[in-house]
Amino acid sequence: AMRIAGATDPAACLFCDDSVKNIQAASAFGWRTVLVGRTDRDTGAEVRCAEAEAHLASIHGLAELLGVAPAEAADGEARE
């Protein structure tokens, strides 16, 4: 993925996922990580991951986390 994106520094990469195992692997590789979702999709149990730098209830919170304006829809209305 880094080669395709032209990235050479793992710390410049941001990985967002709902899988704790994937977040752990990405973190071990040196990527920045965001765990998405508060509950396990199979069990409904609360999800926690010490390797995640951030934890969002929804990917829709990513823009705010990164401090950027949300994208605008085709009609010019801001998306949440």
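Reference entry: report on the structure contained in this document. Here the residue numbering is sequential within each chain, running from 1 through the sequence in written order. Local features in a predicted model are, by the rule used here, given only for residues with pLDDT of at least 70; side-chain atom pairs are given and counted only at 80 or more, and totals for whole chains, interfaces and linings are based on all residues. Note that the side-chain values use all heavy atoms of the structure and ignore hydrogens as well as water.

**As for the pattern of salt bridges**
Put simply, a salt bridge is a Lys or Arg side-chain nitrogen that is within 4 Å of an Asp or Glu carboxyl oxygen. Enumeration over the complete set of coordinates arrives at three salt bridges. Residue Arg 41 pairs with Asp 18 through a salt bridge whose shortest N-O separation is 2.8 Å. Here the residue Arg 41 occupies a position in the loop between strand 2 (32-36) and strand 3 (54-56), and Asp 18 occupies one in the loop between strand 1 (14-17) and helix 2 (20-29), the gap between them amounting to 23 residues. The buried label applies to any residue whose accessible area, calculated with a 1.4 Å probe on protein chains only, is under 20% of its type's maximum; exposed applies above 50%, and partly exposed to all values in between. Overall, Arg 41 belongs to the exposed group, its relative accessible area being 65%. The residue Arg 48 makes a salt bridge to Glu 46 at a minimum N-O spacing of 3.2 Å. Accessibility expressed as a relative area gives 63% for Arg 48, which makes it exposed. Secondary structure elements are taken from DSSP: a helix is a run of H or I of four residues or more, a strand is a run of E of two residues or more, and numbering for both begins at the N terminus.

**A few points about the packing of aromatic side chains**
Geometry of aromatic contacts follows a simple scheme: Phe, Tyr and Trp rings, the Trp one being its six-membered ring, pair when their centres are within 6.5 Å, and the pair is stacked under 30 degrees between planes, edge-to-face over 60, tilted otherwise. Inspection of the entire model under this criterion finds two aromatic pairs. An angle of 45° between the planes, with centres 5.7 Å apart, marks the rings of Phe 15 and Trp 31 as tilted. In this pair, Phe 15 sits in strand 1 while Trp 31 sits in the loop between helix 2 and strand 2, placing the two residues 16 residues apart along the sequence. Residues Phe 15 and Trp 31 agree in their burial class; the two are buried. Measuring from centroid to centroid gives 5.7 Å for Phe 29 and Trp 31, while their planes differ by 90°, and the two rings are edge-to-face. One aromatic cluster is present, built from ring pairs that chain together Phe 15, Phe 29 and Trp 31.

**Quick look at the sheet that holds strand 1**
At least two DSSP bridges between two strands are required for those strands to pair. Spatial ordering of the open sheet is given by 1-2-3, a layout of three strands whose pairing is parallel. Among the strands making up the open sheet, the edge pair consists of strand 1 and strand 3. Sheet twist, expressed as the mean angle between neighbouring strand axes with direction ignored, is 20°. As paired strands, strand 1 and strand 2 are joined by four bridges and run parallel to one another. Across the sheet, Leu 14 pairs through a bridge with Arg 32, a residue of strand 2. Note on method: axes are straight lines fitted to C-alpha atoms, helices fitted across the in-contact stretch only, with angles between N-to-C directions ranging 0 to 180 degrees.

**A look at the environment of Gln 24**
Structurally, the position occupied by Gln 24 is in helix 2. As a C-alpha pair, Gln 24 and Leu 35 span eleven residues in sequence and 9.8 Å in three-dimensional space. Residues are treated as being in contact if the distance between any of their heavy atoms lies within 4.5 Å. In this structure, Gln 24 is in contact with Cys 49 and Glu 51, ignoring residues within four places of it in sequence.

The values reported here are purely geometric and, on their own, carry no functional implication.
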